[in-house]
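Residue strings, one per chain:
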Amino acid sequence: MVHFTKAMELSLRIHLFTAFVSCIKVYAQVVQPAKHPGLQVLATASHYWPLDAVDGIHELWDQIGNRPGYVNGSNINIVEGMVNKGIYLNGDNGGTFLHFGNYQNSCISDPTLCGPEGITFSFFWKNHEAESRFAVASGGKVISNGFSVYTNPFVGYVEFYTRGNNHRWKVNIKVPGPYWTHILFTWTKKDGLKVYINGTFIAGDTEGGSVTEYYGDPYPDLVIGTGNDRAYGHYVTGAFDEFVIWERALPPKEILLYYSAAIGQAMVSATTPRASKEDTSTAPTVRATEVSLPVVISQHEEVQSSQDSQSMPVLGFLKGLPNRTIPHNTANNLTQAFLKSVEEVLSSPGLPEQSTPVVSGLIETVDRVMEHMVTNLEPSLNSLISLGGTSFVADYSLMKFPQNYNLPHYRFPMQGKSYISVPGEAFTMQSQTTIVGLFYHNMHNYYKEISPVKTRINEAADFKDHKIQVASCLISLKVEPSPALSVNLSGAPLIKIVLTHVLTKEQQEQVLNQSNKVFLYCAFLDYSSNEGIWSNEGCVRSDGNMTYSVCLCNHLTNFAILMQVVPLKLTTGHRVALSTIGYVGCSISIFCLAITLVTFAVLSSVSTIRNQRYHIHANLSFAILVAEILLLISARFDPGTLPCKVMAVLLHFFFLSAFAWMLVEGLHLYSMVVKVFGSEGSKHFYYYGIGWGSPLVICVVSMTSALDSYGEVDNCWLSLKNGAIWAFVAPALFVIVVNIGILISVTRIISRISGESYKVHGDANAVKLTAKAVAVLLPILGISWIFGVLAVNTHSLPFLYIFAVFNSLQGFFVFLFHCLLNSEVRAAFKHKTKVWSLTSSSIRNINVKPFNSDIMNGNKEGVTPTKMNTWDKSTNSANRIDLSAV
């Protein structure tokens, strides 16, 4: 599958490049690229290590000076460099550094031997330190004896020192971040130390302060990645590329020429004029999206480079780009045509579902092509050049500013809620400045599910089982030379990115669900590896809510907001406590409900227990009893098995039946107390239809439409993912709402009756009577289930515990209030006990005084009750009986 995806990516890129090269032939004259003067500067170097031609990554070779070197350690990787490939050193996991040989008695080892010409060091550095450390141990010395580059938690330093006359030249620099930074410094006895960052002069030290006699390293080794004291106590984590030494101090013009060639501002293929010690030729070994410096390599390496070129279609594409200045109209046409080609690739039916590598590659390609376009825009003296527009793929802006241009602030896009801005103090403007802005419209749709372990976001890796999604459009900004930004994310100046969240309906539901915790990350695509990997290094989310985010970053690239939704989970202690409450409460309820049913059965011959109200109590008790027994048994079955499915169906039916009989309890109470309607017989059949019939219909419909939703996920219950749970939740919520209304109505009537009783009889317990009535009615009406709704929506522990206690003990409360403490049941039990006592004593022909409930029901002595008059038919007595439990 991986090979198929890569092959698909390759074919799509070929399609894109072929289409764009065709557009170039129409809109521009393609000429052979001219020799870049920066390459001639490189040809005059004394030593040149490209750091990409590494034999087994354990041997280094100087392409010009022909000096061997080696890699110490194994925690290294060949990565995409600023030019061609680069070397990544993982110093956090072992002693890994690059050793370039011993330069004793040379200008490199001893600056006093340099002569008046001086010396120049140059390299690209991408710093990947997890966090800055103190003093020299923060990064180690990168260039050894006589020259050093190192960092502490606040600032970086370039030092040049001579032991002979005890002098030190020192310049502060900004600590490089996780992006390629070009560092070049020169030294002469006359002018001292000068440091250039990304081709621009930063600072210098012409005088040089005196130091102690023993200052400096006594060792002549030349290393990258550690200090040069042969103790090698700390090792740098970062990537390096293009290490070059000139045994002369380069002037500013040559430095800018070299830097321009190194970053690919002009795509050239030239032969260096410098002769080598062996038969050599020049071949431009280029990466997928950048043009490298031509290097002097052997015939074997040239063949290898040619093979690499064939495997990377971008090479031919970049060679086809015009390398001269492009008129404004031509550049506009080329840009539109190129973005149209990108649109065709994205809409291609051959684009695979898992298209993340393809899209990441396309984004990088678009960025690089746009950088090439703005670099070659036809300049205008002392005025800026701008090119902007919109397409299906992205809004774009290309701007070229002349040297010393006054730019107080830059924002892209100029309008809209989503934008990226650079403060004016970050621009150096000491040379020509180019800016490329891209706001992609639909690229975020191709990043559907991102594995946290495949990102460089440490916070997301803590929840590795929960995928990450892109929650905003992608926005990109490239400024050359790079702006001077604060290394500290709490400092200034920093890049500000404001992005409005673009959420699907499903994502919005996840965000609104209060049982989820939502993490939002300010992230960017890091292309230091072979493909774009999401990272948040050097970025922080400073403000925002669930509709937008404000990010502060200390570097520029492609940015987006990533969202990770993590369901909140209870701690093990709370889960054990709630589970224990449930098991104990259900066991008590099962025991009490069994006693309740036996009691109702034994006392069924007593007329007061034969009435409709106790039939409803008995059916409710039976439904709850079976449901709770099944609930305890279901924990023994594994999800996905047939017994678990059967259990899930039975649980659904009996819990629905319990709610249905709670509704019947409410309706019967309403008909007896609030509004008397219908005959007892007709209501009896309706009640059974509601109590057992409606749950059966709902279960049959649910099983017919979604049988796979039973017992398939975590337990023997309905699935929460596909909406099947609503087959239980919706009826339950309906019953709760109806019964709350009935409870309010009944409570008002009880309060009114209690108030009248107080006026007539002087009974001062009206409030107490009302409270007792509510307590008695709550178990049979199921109002306590409202705590379950509150627990789910607020994820509040108090509501979870209240819900667990009250609902696991619902059967106990039914037994307590409607059996054990019920005056009618107790009277019936006394009557039944008296009858049993008389029967066991064999007392015959004794006229037993009729039970008072018979009188209350209007049955005369000696008259056998009919079927109809076994039900309580008196409205007045009904009111009195319903209140008698209190």
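Residues numbered from 1 in each chain as written. Predicted model: local features only at pLDDT ≥ 70, side-chain atom pairs only at ≥ 80, totals over all residues. Heavy atoms only, no water.

Thoughts on the overall build of the protein chain
When helices and strands are tallied, the protein chain shows 21 helices and 31 strands. Counting over 886 residues, the protein chain shows a buried share of 52%. Residue pairs at least 24 apart in sequence account for 71% of intrachain contacts in the protein chain once pairs closer than 6 positions are excluded. Counting every atom, the protein chain has about 40100 Å² of accessible surface; 58% of that belongs to carbon and sulfur. (Helix = DSSP H or I, 4+ residues; strand = E, 2+ residues; numbered from the N terminus. Buried < 20%, exposed > 50% of the residue type's maximum accessible area, 1.4 Å probe, protein only. Contact = heavy atoms within 4.5 Å. Areas by Shrake-Rupley, 256 points an atom, 1.4 Å probe, with all protein chains shown as cover.)

Let's talk about the state of the cysteines
Taken as a whole and judged by the stated rule, the model has three disulfides. Paired through a disulfide, Cys 522 and Cys 551 show a sulfur-sulfur distance of 1.9 Å. Taking the sign of the S-S torsion, about -75° here, the bridge from Cys 522 to Cys 551 comes out left-handed. Here Cys 522 is found in strand 27 (residues 516–526), whereas its partner Cys 551 is found in strand 30 (residues 548–553), with 29 residues between them in sequence. Taking relative accessible area as the criterion, Cys 522 reaches 5% and is therefore assigned buried. (Disulfide = S-S within 2.5 Å.)

A word on the sheet that holds strand 26 (residues 495–500)
Remark on secondary structure: sheet strands pair via backbone hydrogen bonds, oriented parallel or antiparallel. Taking strand neighbours across the sheet as the criterion, the five strands line up as 21-22-26-30-29 in an open arrangement whose pairing is antiparallel. Strand pairing shows two members of the sheet lacking a second neighbour, strand 21 (409–412) and strand 29 (539–544), which therefore form its edges. Neighbour to neighbour, the strand axes of the sheet diverge by 20° on average, direction disregarded. Inspection of the sheet shows strand 29 paired to strand 30 by five bridges, in the antiparallel sense. Bridging from a neighbouring strand, Asp 543 pairs with Val 550 of strand 30. (Pairing = 2+ DSSP bridges. Axes fitted to C-alpha atoms, helices over the stretch in contact; angles between N-to-C directions.)

Things to note about the confidence of the model for the protein chain
Predicted coordinates in areas of low pLDDT are best not read in detail. Of the residues in the protein chain, 71% reach a pLDDT of 70 or more, and the chain-wide mean stands at 75. Confidence drops under pLDDT 50 across residues 211–217; counting only partners more than four residues distant or on other chains, this segment forms 16 contacts. Within the model, the stretch residues 843–886 combines pLDDT values under 50 with 60 contacts to residues more than four positions away or in other chains. (pLDDT = per-residue confidence, 0-100.)

Brief notes about unusual backbone geometry
With an omega of 0°, the peptide bond running from Glu 480 to Pro 481 counts as cis. As for its placement among the helices and strands, Pro 481 is situated in the loop between strand 25 (475–480) and strand 26. Residues Ala 492 and Pro 493 are joined by a peptide bond in cis, for which omega reads 0°. Relative to the assigned elements, Pro 493 resides in the loop between strand 25 and strand 26. Phi is positive for Asn 404, which is not a glycine, with a value near 65°. In this fold, Asn 404 is placed in the loop between strand 20 (394–401) and strand 21.

Notes on helix 17 (residues 797–808)
An ideal rise of 1.5 Å per residue puts 16 Å on twelve residues; helix 17 measures up with 16 Å between its terminal C-alpha atoms. Within helix 17, burial applies to Leu 800, Ala 804, Asn 807 and Ser 808. Buried residues of helix 17, seen end-on, are gathered within an arc of 95° and therefore sit on one face of the element. (Expected span 1.5 Å × (residues − 1). Arc of directions from axis to C-beta.)

Here we look at the pairing of strand 31 (residues 558–567)
Within strand 31, nine of the ten residues are buried, which leaves it mostly tucked inside the rest of the structure. Pairing geometry for strand 24 (residues 468–470) and strand 31, over three bridges, is antiparallel. Its bridge partner lying in strand 31, Val 470 is registered against Leu 562. For strand 27 and strand 31, the ladder comprises nine bridges, and the chain directions are antiparallel. Note that in strand 31 the partner of Lys 517 across the bridge is Val 566.

Regarding the packing of helix 10 (residues 572–602) against helix 11 (residues 612–634)
Running from amino to carboxyl end, helix 10 crosses helix 11 at an angle of 145°, the nearest separation of the two axes being 9 Å. The way helix 10 lies across helix 11 gives a crossing that is left-handed. Seen from helix 10, the contacting residues are Tyr 583, Cys 586, Ser 587, Ser 589, Ile 590, Leu 593, Ala 594, Thr 596, Leu 597 and Phe 600; seen from helix 11, they are Tyr 614, His 617, Ala 618, Ser 621, Phe 622, Ile 624, Leu 625, Glu 628, Ile 629, Leu 631 and Leu 632. (Left-handed = near helix turned anticlockwise from the far one by under 90°.)

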